[in-house]
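What follows is the residue order along each chain.
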Amino acid sequence: MSATSQKSAPLPDDIRKMKGGTPIVSLTAYTTPMAQMMDEHCDFVLVGDSVGMVLHGLSSTLGVTMEMMILHGQAVARGLSRAMLVVDMPFGSYEESPAQAFRNAARLMAETGAAAVKLEGGRHMAETIGFLVARGVPVMAHIGLTPQSINTLGGYKVQGRGAAAEALMADARAVDQAGAFSVVLEKVPATQADQITAGISIPTIGIGASVGCDGQILVLDDMLGLFTAFKPKFVKRYGNLGEDGEAAITAYAEEVRSRRFPAPEHVFSDKAPKA
Ligand code: KIV
């Protein structure tokens, strides 16, 4: 199954069944036009809490709120008809207790129409994942570099190297056994990503992981070259929209100042057009 061979959006269980098959294609989106652009090409679209850094200029994802996720989730939902919608649970909305997680996950799903939520954490979130899944909330887990924990991880470092590989594998097994339908592996060595992919029953979605993962995800603004604040090693730029955009704005400013814009074709005559 692939996004281009089906008519309606896949469900979390369809994504789960893609394990070991044609790689799962996914991107993040935050707005309706972005979602419309990728709908035909992606199996699922994630409204990531990276929205805080990419669109709102925050220095980390920690300040992202439920209201932001709902607003962007609703915008993205309006642009999708074929790809499945997943919305990130923001920092502080699920860690306190399974009951808190359920309350906020249910709100995200009800108010955005998302088919699933994503949350960060391995073994320590397994109980919460099980609680959510048992109550009708499909969960995509996210392990390895979990940006909501940068203050305890000590920055955006590669996770699971050397002796830490065992703990990473334990996290992957824990979220699999807890009932997650897939797991994002962020910024982990390729060998570890391959071992995890072979060692668990659910699809792995790589970002800075391995070409051997069951799927890949990138932040759209990163891969289009729109978010230029920094470029992680794992980002491949498929476009240079940031540079193109700046060149367009420079040309516009120059034409406005020299009164070359608007040109005659951009203004209205006093005569009403003929019917
Ligand atoms: O917030 C986000 O965009 C994400 C992806 C990078 C996986 O979590």
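The structure we're discussing is the one just above.
Since the structure is predicted, the reported quantities are computational estimates derived from the model, not experimental observations.

Here's the deal with the site of the ligand
Move 1: Residues in contact with the ligand, as listed here, are Thr28, Leu46, Gly48, Asp49, Ser50, Asp88, Lys118, His142, Ile207, Ile217 and Val219.
Move 2: Between the ligand and Ser50, the relevant distance is 2.5 Å, taken from an oxygen atom to a side-chain nitrogen or oxygen of the residue.
Move 3: In the model, an oxygen atom of the ligand is placed 3.2 Å from a nitrogen or oxygen of the Asp88 side chain.
Move 4: In the complex, the protein chains occlude 94% of the 260 Å² of accessible area that the ligand would expose alone.

Section: unusual backbone geometry
Move 1: For the peptide bond that leads from Phe261 to Pro262, omega is 0°, which places it in the cis range.
Move 2: As for its position among the elements, Pro262 is in the segment after α11 (241–257).
Move 3: For Lys187, which is not glycine, the phi dihedral falls at a positive 50°.
Move 4: Residue position: Lys187 is located in the loop between β6 (182–186) and α9 (190–199).
Move 5: Phi is positive for Arg259, close to 55°, though the residue is something other than glycine.
Move 6: Secondary-structure assignment places Arg259 in the segment after α11.
Move 7: Classification of Arg259 as exposed rests on a relative accessible area of 77%.

Some details on the pairing of strand β2 (residues 44–47)
Move 1: Residues Phe44 and Leu46 line one face of β2 and the alternating positions Val45 and Val47 line the opposite face, and both faces are buried.
Move 2: Looking at chain direction, strand β1 (residues 24–28) and β2 are connected through three bridges and run parallel. Its bridge partner being in β2, Leu27 is matched across the sheet by Val45.

Examining the pattern of salt bridges
Move 1: Within the structure shown, the criterion is met by nine salt bridges.
Move 2: Between Asp13 and Lys17 there is a salt bridge, with its nearest N and O atoms 3.3 Å apart. Of this pair, Asp13 and Lys17 are both found in helix α1 (residues 12–17), four residues apart, which corresponds to roughly one turn of the helix.
Move 3: Between Arg82 and Glu40 there is a salt bridge, and its shortest N-O distance comes to 3.6 Å.

Description of the sheet that holds β2
Move 1: Spatial ordering of the closed barrel is given by β1-β2-β3-β4-β5-β6-β7-β8, a layout of eight strands whose pairing is parallel. Each neighbouring strand pair of the sheet contributes to a mean axis angle of 25°, computed without reference to strand direction.
Move 2: Across three bridges, strand β3 (residues 84–88) lies against strand β4 (residues 116–120) in parallel orientation. Note on β4: the bridge partner recorded for Asp88 is Lys118.
Move 3: Lying over the sheet, helix α6 (residues 126–134) contacts β4 and β5 (139–144), oriented at roughly 165° with respect to β5.
Move 4: Lying on the sheet, helix α8 (residues 165–178) is in contact with β5 and β6; it crosses β5 at an angle near 175°.

Looking at the nonpolar core
Move 1: Counting residues in hydrophobic clusters, the biggest one holds 60 residues, and the most contacted among them are Ile129 and Leu185.
Move 2: Sort the elements by how many residues they give to this core and α8 lands first, with six residues.
Move 3: With residues near it in sequence (within four places) discarded, Leu185 still touches Ile143, Ala193, Ile196, Thr204, Ile205, Gly206, Ile207, Ala209 and Cys213.
Move 4: In this structure, Ile24, Phe44, Met84 and Ile217 belong to the second largest nonpolar core, which totals 14 residues.

Regarding the packing of aromatic side chains
Move 1: Scanning the entire structure with this criterion turns up one aromatic pair.
Move 2: Measuring from ring centre to ring centre gives 5.9 Å for Tyr252 and Phe261, while their planes differ by 65°; the resulting arrangement is edge-to-face.
Move 3: Over the aromatic face of Phe131 sits the side chain of Arg135, whose NZ or CZ is 3.5 Å from the ring centroid.

Thresholds applied
Residues numbered from 1 in each chain as written. Predicted model: local features only at pLDDT ≥ 70, side-chain atom pairs only at ≥ 80, totals over all residues. Heavy atoms only, no water. Near = heavy atom within 4 Å. Polar contact = N/O pair within 3.5 Å; in protein donor to acceptor, adjacent residues only side chain to side chain. Areas by Shrake-Rupley, 256 points an atom, 1.4 Å probe, with all protein chains shown as cover. Helix = DSSP H or I, 4+ residues; strand = E, 2+ residues; numbered from the N terminus. Buried < 20%, exposed > 50% of the residue type's maximum accessible area, 1.4 Å probe, protein only. Pairing = 2+ DSSP bridges. Salt bridge = Lys/Arg side-chain N within 4 Å of Asp/Glu carboxyl O. Axes fitted to C-alpha atoms, helices over the stretch in contact; angles between N-to-C directions. Contact = heavy atoms within 4.5 Å. Core = buried A, V, L, I, M, F, W, Y, C linked by side-chain atoms within 4.5 Å. Phe/Tyr/Trp six-rings, centres within 6.5 Å; stacked < 30°, edge-to-face > 60°. Lys NZ or Arg CZ within 6 Å of the ring centre and 35° of its normal.

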